[in-house]
Amino acid sequence: MNLHEYQAKELLKKFDIPVQDGIACSTVQEAEEAYRQLKTQTGNRFAVVKAQIHAGGRGKGVIRETGINGVKVAKSLEEVQEFAGKMLGGTLVTLQTGPSGKTVNKIFVAQDMYYDGPSERKEFYLSILPDRSKGQNVIIYTTEGGMNIEEVAHTHPEKIFKEWIHPCHGLLPFQARRIAFHLQLTGEAFKNCVKFVTQLYKAYVALDCSMLEINPLFKAADDRIVAVDCKMKLDENALMRHPDLAAMRDITEEDPTEVEAGKYNLNFIKLDGNVGCMVNGAGLAMATMDMIKLSGGEPANFLDVGGTANAQTVEAGFKIILRDPNVKAILINIFGGIVRCDRVAQGVIDAYKNIGNIHVPIIVRLQGTNAEEAKKLIDESGLQVQSAIRLSEAAELVKKAVSAN
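Cut-offs used in this document
Residues numbered from 1 in each chain as written. Predicted model: local features only at pLDDT ≥ 70, side-chain atom pairs only at ≥ 80, totals over all residues. Heavy atoms only, no water. Helix = DSSP H or I, 4+ residues; strand = E, 2+ residues; numbered from the N terminus. Buried < 20%, exposed > 50% of the residue type's maximum accessible area, 1.4 Å probe, protein only. Contact = heavy atoms within 4.5 Å. Areas by Shrake-Rupley, 256 points an atom, 1.4 Å probe, with all protein chains shown as cover. Lys, Arg positive; Asp, Glu negative; His and termini not counted. Charge placed at Lys NZ, Arg CZ, Asp CG, Glu CD. Axes fitted to C-alpha atoms, helices over the stretch in contact; angles between N-to-C directions. Parallel < 35°, antiparallel > 145°, perpendicular 65-115°, else oblique. Left-handed = near helix turned anticlockwise from the far one by under 90°. Nonpolar A, V, L, I, M, F, W, Y, C, P; charged D, E, K, R; others polar. Pairing = 2+ DSSP bridges. 1 Å grid on protein atoms, 1.4 Å probe; cavity = no way out; pocket = protein on both sides within 12 Å on 5 of 7 lines; lining within 4 Å. Points joined across faces, edges and corners; volume = space filled by probe spheres on them. Core = buried A, V, L, I, M, F, W, Y, C linked by side-chain atoms within 4.5 Å. Arc of directions from axis to C-beta. Phe/Tyr/Trp six-rings, centres within 6.5 Å; stacked < 30°, edge-to-face > 60°.

**Brief notes about the overall build of the protein**
Of regular secondary structure, the protein possesses 13 helices and 19 strands. Viewed in the frame of its principal axes, the protein has a C-alpha envelope of about 80 × 50 × 40 Å. The buried share among the 405 residues of the protein stands at 49%. The long-range share in the protein, meaning contacts at least 24 apart out of those at least 6 apart in sequence, stands at 68%. If you sum the accessible surface of the protein, you get close to 19,700 Å²; carbon and sulfur atoms cover 51% of it. For the protein, the distance from the average site of its 47 positive side-chain charges to the average site of its 50 negative ones is 2 Å.

Next up, the structure:
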């Protein structure tokens, strides 16, 4: 589960991690008040206005309707008003959002960290994430922080450092010091960096993060180490331990069909193809998508209904798949292990009758417990549903259906 920058920073504060302070705003009026508060607190008339979406590259991204970037430095109240008005409600397009972009519902009016001038500032990059190949968390960091971090890995890979953390020992003091050393820090900045990294790793573990990225990690003129930006992703499988964090979910940032699928405990991921898939089991779903591609089609989604498929989940799956206008056929591939095939078949028939007016071909392949009874139910239903026993047969039927459309 992704969090907004302002949410992530509030969580980091609880671990005594210095962050760029700011106030989240939903209206221009709130942005004006936020600017006045920050100016009173800091004495600095500059402020940074940041669009809040679940995507990186906001500084280089552009609001489609107004042409301004997703991060702007305001030098006055009038500029705060201008930037807030041009961002809120607009569509921010970045490299990570794709051409469709994302609607900006909130902005973050933050204190300016660069008032000491270019000669005093230093920007670093630091992130923590799991390295599944080693079974350990890894801290990735470099002296080359900022908006062009993606280019550093390609042009200067020798500047990228990694520190693997053993799960039994956690982050050890010498590792935190080594990170500060590689960032070329000295004196008070060195000590502050060691403390920052130590507390950041504690936050990563305590919050059950699956990714925590600080870019830029900023060294101020007074040697403070500050998180100017933060991207935080939480492990959804651990949210049962954090009901307070689960409440921070922003479903407006998520695909509506994926949100709808979640209400029925369906594992759904939207893809760009023309054949809708409904399968029980992630492994079988992957094999089904491979078979669709081999038969000349392209999967339009990944949809795993789990091991307890019934009429309700099948109907919900149908409705979600049919929302995609690109779908030319639907392939239902169920292996009857935990669930009986005849029950799934009856669920398909009931769902078909309840939805009605399904204009795309439906191919149902049921294998396993009571597969023959299931095929008989489908064949005798009188509905425009084609049944198959072998996956190759289903693939051939998909191929014909796609070719016909």
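**Some points on the packing of helix α5 (residues 173–182) against helix α6 (residues 187–206)**
Their axes nearest at 9 Å, the elements α5 and α6 cross at an angle of 130°. The angle between α5 and α6 places the two elements in the oblique class. Of the two elements, α5 crosses α6, and the hand of that crossing is right-handed. Judged by residue contacts, A176, R177, I179, A180 and F181 of α5 engage F190, C193, V194, V197 and T198 from α6. Taken together, the residues of the contact of α5 with α6 break down into eight nonpolar, one polar and one charged.

**Topic: the environment of H359**
The residue H359 is located in the loop between α11 (341–355) and β18 (362–368) in this model. Here H359 falls in the exposed class, since its relative accessible area comes to 72%.

**Considerations on the sheet that holds strand β2 (residues 47–52)**
Read across the sheet, four strands follow the order β1-β7-β2-β4 without closing on themselves; strand pairing throughout is antiparallel. Either end of the sheet is taken by a strand with one partner, and the two such strands are β1 (22–25) and β4 (71–74). Each adjacent strand pair in this sheet contributes to an overall mean axis angle of 20°, direction not counted. The pairing of β2 with β4 spans four bridges and is classified as antiparallel. The partner of K50 across the bridge, within β4, is V71.

**Here we look at the layout of surface pockets**
In this model, the second largest pocket occupies a volume close to 590 Å³. The wall of the second largest pocket is formed by 19 residues, among which E236, R249, E254, E258 and F268 lie closest to the centre.

**Quick word on the nonpolar core**
With 42 residues, the main nonpolar core has L12, L126, I139, L200, L207, M232 and L234 as its most contacted residues. Only α1 (5–13), β8 (122–131), β9 (136–142), α5, α6, β11 (209–219), β12 (225–227) and β13 (231–234) provide two or more residues apiece to this core. The greatest single-element share of this core, amounting to nine residues, is contributed by α6. Each residue touching I139, except ones within four places of it in the same chain, is listed here: L126, S127, I128, F161, K162, E163, I165, L171, I179, V197 and Y201.

**Quick word on α5**
Burial in α5 covers these residues: Q175, A176, I179 and A180. Along the axis of α5, the buried residues cluster in a sector spanning 140°; they form a single face. Residues of α5 that are exposed and point more than 90 degrees away from the buried face comprise P173 and F181. Buried residues along α5 sit against β8, β9, β10 (161–165) and α6. Immediately downstream of α5, the backbone of Q184 shows phi near 65°, a positive value.

**As for the packing of aromatic side chains**
Under the criterion given, the structure shown has two aromatic pairs. Here Y141 and F161 contribute two aromatic rings whose centre-to-centre distance is 5.5 Å and whose plane-to-plane angle is 25°, an arrangement assigned as stacked. With Y141 in strand β9 and F161 in strand β10, the pair connects residues that are 20 residues apart, well separated along the chain. When its relative accessible area of 0% is taken as the criterion, Y141 is described as buried. Residue class for F161 comes out partly exposed when judged on its relative accessible area of 24%.

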